[in-house]
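# Survey of secondary and tertiary structure
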Amino acid sequence: MNPIVEFCISNLAKGGQVVFDALEKDPNIDCLEYGCLTYCGQCNNELYALVNGDYVAGENPEQLLANIYKHIEETWMF
């Protein structure tokens, strides 16, 4: 079982697509995209993804990608 990283399509359009594309190439991570993840306030202000249900954000795509991998490293149990 791989970690699941979920993205809102609106946030993908704001720069998260770079992160989604990078994570899709990682065979140890499952990426999903949804029409909305109901984090609209945060979605307007920063890039984010849900990592196994936990909110992870970054100021830019590079920081979001690093924060996602850090979160997985710190919390993943499998």
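Up top is the structure.
Attention here is on the structure that accompanies the text. Just so it is clear, the model here is predicted, and its values are computed rather than measured.

Analysis parameters
- Residues numbered from 1 in each chain as written.
- Predicted model: local features only at pLDDT ≥ 70, side-chain atom pairs only at ≥ 80, totals over all residues.
- Heavy atoms only, no water.
- Core = buried A, V, L, I, M, F, W, Y, C linked by side-chain atoms within 4.5 Å.
- Buried < 20%, exposed > 50% of the residue type's maximum accessible area, 1.4 Å probe, protein only.
- Helix = DSSP H or I, 4+ residues; strand = E, 2+ residues; numbered from the N terminus.
- Contact = heavy atoms within 4.5 Å.
- Pairing = 2+ DSSP bridges.
- Right-handed = clockwise from strand over helix to strand, strands pointing away.
- Axes fitted to C-alpha atoms, helices over the stretch in contact; angles between N-to-C directions.
- Parallel < 35°, antiparallel > 145°, perpendicular 65-115°, else oblique.
- Left-handed = near helix turned anticlockwise from the far one by under 90°.
- Expected span 1.5 Å × (residues − 1).
- Arc of directions from axis to C-beta.
- Polar contact = N/O pair within 3.5 Å; in protein donor to acceptor, adjacent residues only side chain to side chain.

## A short note on the nonpolar core
Ranked by size, the top nonpolar core spans 15 residues in total, and within it V5, F7, L23, L64 and I68 carry the most contacts. For this core, the elements supplying multiple residues, two or more each, are β1 (4–8), α1 (9–24), β3 (47–51) and α3 (61–75). Here this core gets four residues from one element, more than from any other, and that element is α1. Residues contacting I68, with those up to four places away along its chain left out, are V5, F7, V19, L23, A49, V51 and V56. Ranked by size, the runner-up nonpolar core spans five residues in total, among them C8, L37, C43 and L50.

## Re the pairing of β1
Most of β1 is tucked away: four of the five residues are buried. By the bridge criterion, five bridges tie β1 to strand β2 (residues 30–34) in an arrangement that is parallel. Bridge pairing in β2 places E6 opposite L32. Handedness of the crossover is the feature at issue here: the chain leaves β1, passes through α1, returns alongside β2, and the resulting connection is right-handed.

## Focus on the packing of α1 against α3
Taken N-terminus to C-terminus, the directions of α1 and α3 make an angle of 40 degrees; their axes are 8 Å apart at the nearest point. With respect to α3, the element α1 is oriented oblique. Like other packed secondary-structure pairs, α1 and α3 cross with a definite hand, here right-handed. Judged by residue contacts, G15, V18, V19, A22 and L23 of α1 engage P61, L64, L65, I68 and Y69 from α3.

## Brief notes about α3
The end-to-end C-alpha distance of α3 is 21 Å, a good match for the 21 Å that 15 residues give at a rise of 1.5 Å each. P61, L64, I68, H71 and I72 are the residues of α3 that are buried. Looking down the long axis of α3, one finds its buried residues gathered within 95 degrees of arc, a one-sided arrangement. Along α3, the residues that are exposed and aim more than 90 degrees away from the buried face are E62, E73 and E74. Turning to α3, the residues buried within the fold contact β1, α1, β3 and β4 (54–58). The N-capping residue of α3, defined by a side-chain oxygen 3.2 Å from the backbone nitrogen of E62, is N60.

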